[in-house]
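# Coordinates in review
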Amino acid sequence: MDTKQLGFSDLHLTSIGLGTWAIGGGDWDYGWGPQDDVRSLEAIDQALELGINWIDTAPAYGLGHSEEVVGQAISGRRDEVILATKCGLVWDDGAHSTYGRLTAESVRQEAEDSLERLGVDVIDLYQIHWPDPEEQIEEAWATIAELIGEGKVRYGGVSNFNVAQLKRIQPIHPVASLQPPYNMLERDIEDRLLPYCAENDIGVVAYSPMQSGMLTGKYDREAIAAMADEDWRKDSMHFTEPELSANLALVEGLRPIAQRNGKTLPQLAIAWVLERPEVTAAIVGARTAEQIEETAAAGTWDLSEADLQDIKALVEQREKRLVGA
């Protein structure tokens, strides 16, 4: 699989990275429903066998469980994996929901906890998960800089930051990467964030390229209604009206494009994200080995100009439907 340098760092990421949000399980406020750890371990093993060289996780995913599963999966294989995890979303003992906290004490403790759960001595990419509370982002970033100096973290990155927030922390320590949502339904980063990252040598690892499954073609109204009660997507704006009808129409329009290329809709959605030159790589979630085997193939697919123009027209049609909704 192709690799690309992450910003100014010496990390070279495969175009596809394994996202582990869903394998954390469903017992928290943003869970995806029940998940079998055996299937999770199989998915991680398959990703590594396919040549994927990085895994993205976070303490919040399953309230520590995702990191524990990742740690179990990479035991004895540390030299094969670039590990990215996060800080800033915490929870109280016995609780099932998270909240933002970015104090120096909290960030340092979270890093220590992540190192223990992952079973490693150093985190390759340590990211602020959300800029919340916003007034604490400088304090958190300064702490990550300290952790880098201590050798516990190699590079620091941020997730869900805007340009103004990046400018606030850049003077403290260089930002190696930004992790924003990016897909056909969420394109806000195109106007300012992507150009800023390109100008400042900040790598971009896009998350939700398939918009949490909406762009896979696997979810019609019936499938959404049948989702587990714990699945956070049941209340997502992308899976509910007034957006749902426009999104389903877009998916149906995309099917012929995937079919004429002998590809699947998930592969099409991921390949589209990777066409942006500013994007270093895409985080692709998987709950089974079969899922990552399918989506990994998108990492080497270059869309034609005709495909890109057809997709552009469909995306514009969706936006017009939403304006008229």
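Overview of the structure.

Bringing helix 2 (residues 65-74) into the picture now. Within helix 2, seven of the ten residues are buried, leaving the element largely enclosed by the surrounding structure. Every buried residue belonging to helix 2 is among Ser-66, Glu-67, Val-69, Val-70, Gly-71, Ala-73 and Ile-74, and all of these are buried. Those residues of helix 2 hidden inside the fold are in contact with helix 1 (37-49), strand 4 (54-56), strand 5 (82-87) and helix 3 (104-118). Looking at the residues trailing helix 2, positive phi occurs at Gly-76, about 85°.

Applying the stated criterion across every chain yields a total of 26 salt bridges. A salt bridge links Glu-80 to Arg-77; the nearest nitrogen and oxygen atoms lie 3.0 Å apart. Between Arg-187 and Glu-190 there is a salt bridge, with its nearest N and O atoms 3.1 Å apart. The class of Arg-187 is partly exposed, set by a relative accessible area of 28%. Residue classification places Glu-190 among the buried residues on the basis of a relative accessible area of 14%.

Take unusual backbone geometry next. Between Asp-132 and Pro-133 the backbone carries a cis peptide bond, its omega angle lying at 0°. Structurally, Pro-133 is set in the loop between strand 8 (123-128) and helix 4 (137-149). In this chain, Glu-241 is followed by Pro-242 through a cis amide linkage whose omega measures 15°. In this fold, Pro-242 is placed in the loop between helix 7 (221-225) and helix 8 (243-260).

Taken in spatial order, the eight strands line up as 3-4-5-8-9-10-11-12 and close into a barrel, and their pairing is parallel. When the angles between neighbouring strand axes are averaged without regard to direction, this sheet yields 30°. Judged from the three bridges that link them, strand 4 and strand 5 form a sheet pairing that is parallel. When the sheet's bridge partners are listed, Trp-54 is paired in strand 5 with Ile-82.

Before going further, it helps to spend a moment on the packing of helix 1 against helix 10 (residues 289-296). Helix 10 packs onto helix 1 with a crossing angle of 30° between their chain directions and a minimal axis gap of 7 Å. Here helix 1 lies roughly parallel to helix 10, going by the angle between them. In this structure, helix 1 crosses over helix 10, and the sense of that crossing is right-handed. Where helix 1 abuts helix 10, its residues Arg-39, Glu-42, Ala-43, Gln-46 and Ala-47 lie against Ala-289, Glu-290, Ile-292 and Glu-293. In terms of residue class, the contact of helix 1 with helix 10 is made up of four nonpolar, one polar and four charged.

Further remarks concern the environment of Arg-154. Inspection of the secondary structure assignment puts Arg-154 in strand 9 (residues 153-159). Excluding residues that lie within four positions of it along the chain, Arg-154 makes contacts with Asp-10, Leu-11, Val-122, Ile-123, Asp-124 and Ile-148. Within the local environment of Arg-154, its side chain forms a polar contact with the side chain of Asp-10, the two groups lying 3.0 Å apart. One polar contact links Arg-154 to Asp-124, side chain to side chain, over a distance of 3.3 Å.

This paragraph deals with the packing of helix 8 against helix 11 (residues 305-324). For the pair helix 8 and helix 11, interaxial distance at closest approach is 9 Å and the crossing angle is 165°. For the element pair helix 8 / helix 11, the angle class is roughly antiparallel. Helix 8 and helix 11 meet at a crossing whose hand is right-handed. On helix 11, the residues that touch Glu-243, Ala-246, Asn-247, Ala-249, Leu-250, Gly-253, Leu-254, Ile-257 and Arg-260 of helix 8 are Ala-306, Asp-307, Asp-310, Ile-311, Leu-314, Val-315, Arg-318, Arg-321 and Leu-322.

Core analysis: the largest hydrophobic core is formed by 82 residues, its most contacted members being Tyr-126, Ile-128, Val-158, Leu-254, Leu-268 and Ile-311. Apart from the residues lying within four places of it in its own chain, the contact partners of Val-158 are Gln-127, Ile-128, Trp-141, Leu-166, Ile-169, Val-175, Ser-177, Leu-178 and Gln-179. Membership of the second largest hydrophobic core comes to 13 residues, among which are Leu-11, Ala-176, Tyr-207 and Ala-281.

In strand 11 (residues 203-206), alternate side chains face the same way, and those of Gly-203 and Val-205 on one face and Val-204 and Ala-206 on the other are all buried. Sheet topology note: the strand 10 (residues 177-179)/strand 11 ladder contains two bridges and is parallel. Bridge pairing in strand 11 places Ser-177 opposite Gly-203. With two bridges joining them, strand 11 and strand 12 (residues 281-285) adopt parallel strand pairing. What sits directly across from Ala-206, in strand 12, is Ala-282.

A separate point is the environment of Phe-161. Checked against the element boundaries, Phe-161 lands in the loop between strand 9 and helix 5 (163-169). With a relative accessible area of 3%, Phe-161 lands in the buried category. When the C-alpha atoms of Phe-161 and Ile-128 are compared, they prove to be 8.9 Å apart, with 33 residues separating the residues in sequence. Leave out the neighbours within four places in its chain, and Phe-161 touches Ile-128, Trp-130, Pro-131, Ile-137, Leu-166, Ile-169, Leu-178 and Leu-193.

Rules of the game
Residues numbered from 1 in each chain as written. Predicted model: local features only at pLDDT ≥ 70, side-chain atom pairs only at ≥ 80, totals over all residues. Heavy atoms only, no water. Buried < 20%, exposed > 50% of the residue type's maximum accessible area, 1.4 Å probe, protein only. Helix = DSSP H or I, 4+ residues; strand = E, 2+ residues; numbered from the N terminus. Contact = heavy atoms within 4.5 Å. Salt bridge = Lys/Arg side-chain N within 4 Å of Asp/Glu carboxyl O. Pairing = 2+ DSSP bridges. Axes fitted to C-alpha atoms, helices over the stretch in contact; angles between N-to-C directions. Parallel < 35°, antiparallel > 145°, perpendicular 65-115°, else oblique. Left-handed = near helix turned anticlockwise from the far one by under 90°. Nonpolar A, V, L, I, M, F, W, Y, C, P; charged D, E, K, R; others polar. Polar contact = N/O pair within 3.5 Å; in protein donor to acceptor, adjacent residues only side chain to side chain. Core = buried A, V, L, I, M, F, W, Y, C linked by side-chain atoms within 4.5 Å.

As far as function goes, none of this settles anything; it's purely spatial.
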